[in-house]
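# Fold and geometry: a report
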Amino acid sequence: MRAGLPVPERRFTVQSLILAQSDGGSGSGLFGFLVIVAVLGGFFWFLIIRPQRNQVRRRQELSAALEIGDEVRTAGGIIGVIRRMDDQTVVLEVEDGGLLRVLRVMVVARGGDREGEPT
């Protein structure tokens, strides 16, 4: 190498990498792409959609099983005992006899359940 002459840089672009990997087959690239999409879809299903559905199902079961006299915890961290309830709301008795009306869907745990707590 002589002094003073610039050294050309090697730059790889996405197009050059794709062209270098292609073997001229007509359907192999499409099949590989579909396999990758299917695998990513499976990961998406098992890591995001399935756990969310299970959580919704558990919350619906908890909401349906609530009874007057149960000690519960709300999503806001309020702990109280159910004194009255209807289809949409529950009335909680908190410390010193105070009453709070909250939405039934905001009840995240019953009694000593620690399921709704973040880990």
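The following refers to the structure shown. Computed from a predicted model, the values in this text were never measured in an experiment.

The helix and strand inventory of the protein chain stands at 2 helices and 5 strands. Shown N-terminal to C-terminal, the secondary structure of the protein chain runs as helices and strands in the order α-α-β-β-β-β-β. Burial analysis of the protein chain (119 residues in total) assigns 15% to the buried set. Pairs at least 24 apart in sequence give 33% of the contacts found in the protein chain among residues at least 6 apart. If you sum the accessible surface of the protein chain, you get close to 9,900 Å²; carbon and sulfur atoms cover 58% of it.

The next subject is the pairing of strand 3 (residues 89-93). Look at any regular strand and the pattern is simple: side chains alternate between the two faces of the sheet. Judged by how many residues are buried, strand 3 sits mostly within the fold: 4 of 5 residues are covered. Two strands pair when backbone bridges link them, and strand 2 (residues 79-85) and strand 3 are joined in this way by 4 bridges, in the antiparallel orientation. Residue R84 lies in a different strand from strand 3, and its bridge partner there is V91. What sits between the antiparallel neighbours strand 2 and strand 3 is a turn of 3 residues. Note that strand 3 and strand 4 (residues 99-103) share 5 bridges and pair antiparallel. Across the sheet, residue V91 finds its bridge partner in strand 4, namely R101. In this structure, the hairpin formed by strand 3 and strand 4 is closed by a connection of 5 residues, where D96 is found at a positive phi of approximately 65 degrees.

What follows concerns the sheet that holds strand 5 (residues 107-110). In space, the 5 strands of this open sheet follow the order 4-3-2-1-5, with antiparallel pairing throughout. The sheet terminates laterally at strand 4 and strand 5, the two strands that pair on one side only. Taken over all neighbouring pairs, the strand axes of this sheet differ in orientation by 50 degrees on average, direction set aside.

Right, let's talk about the pattern of salt bridges for a bit. Scanning all chains against the criterion turns up 3 salt bridges. A salt bridge links D70 to R110; its shortest N-O distance comes to 3.3 Å. Remark: R110 occurs in strand 5 and D70 occurs in the loop between helix 2 (28-65) and strand 1 (71-74); sequence separation between them is 40 residues. Residue D70 is classed as buried on the basis of its relative accessible area of 15%.

So, about the nonpolar core. Core analysis: the biggest nonpolar cluster contains 8 residues, these being L62, L66, V72, I82, V90, L92, V102 and V107. Setting aside residues up to four positions removed in sequence, V107 forms contacts with L62, L66, V72, R73, T74 and V90.

On to unusual backbone geometry. Positive phi values are uncommon outside glycine, yet D96 reaches one of about 65 degrees. Checked against the element boundaries, D96 lands in the loop between strand 3 and strand 4.

Take a nonpolar patch on the surface next. A cluster of nonpolar side chains, contributed by F31, V35, I36, V39, L40, F43, F44, W45, F46, L47 and I48, occupies part of the molecular surface with about 1,100 Å² of accessible area. Structurally, I36 is set in helix 2.

Take the side chain of T74 next. On the secondary structure map, T74 appears in strand 1. Residue T74 is classed as buried on the basis of its relative accessible area of 4%. When neighbours within four sequence positions are excluded, T74 is seen to be in contact with L92, V102, M106, V107 and V108.

The rules behind these values
- Residues numbered from 1 in each chain as written.
- Predicted model: local features only at pLDDT ≥ 70, side-chain atom pairs only at ≥ 80, totals over all residues.
- Heavy atoms only, no water.
- Helix = DSSP H or I, 4+ residues; strand = E, 2+ residues; numbered from the N terminus.
- Buried < 20%, exposed > 50% of the residue type's maximum accessible area, 1.4 Å probe, protein only.
- Contact = heavy atoms within 4.5 Å.
- Areas by Shrake-Rupley, 256 points an atom, 1.4 Å probe, with all protein chains shown as cover.
- Pairing = 2+ DSSP bridges.
- Axes fitted to C-alpha atoms, helices over the stretch in contact; angles between N-to-C directions.
- Salt bridge = Lys/Arg side-chain N within 4 Å of Asp/Glu carboxyl O.
- Core = buried A, V, L, I, M, F, W, Y, C linked by side-chain atoms within 4.5 Å.
- Patch = residues over 30% accessible without salt bridge, like charges linked within 9 Å, V, L, I, M, F, W, Y side chains within 5 Å.

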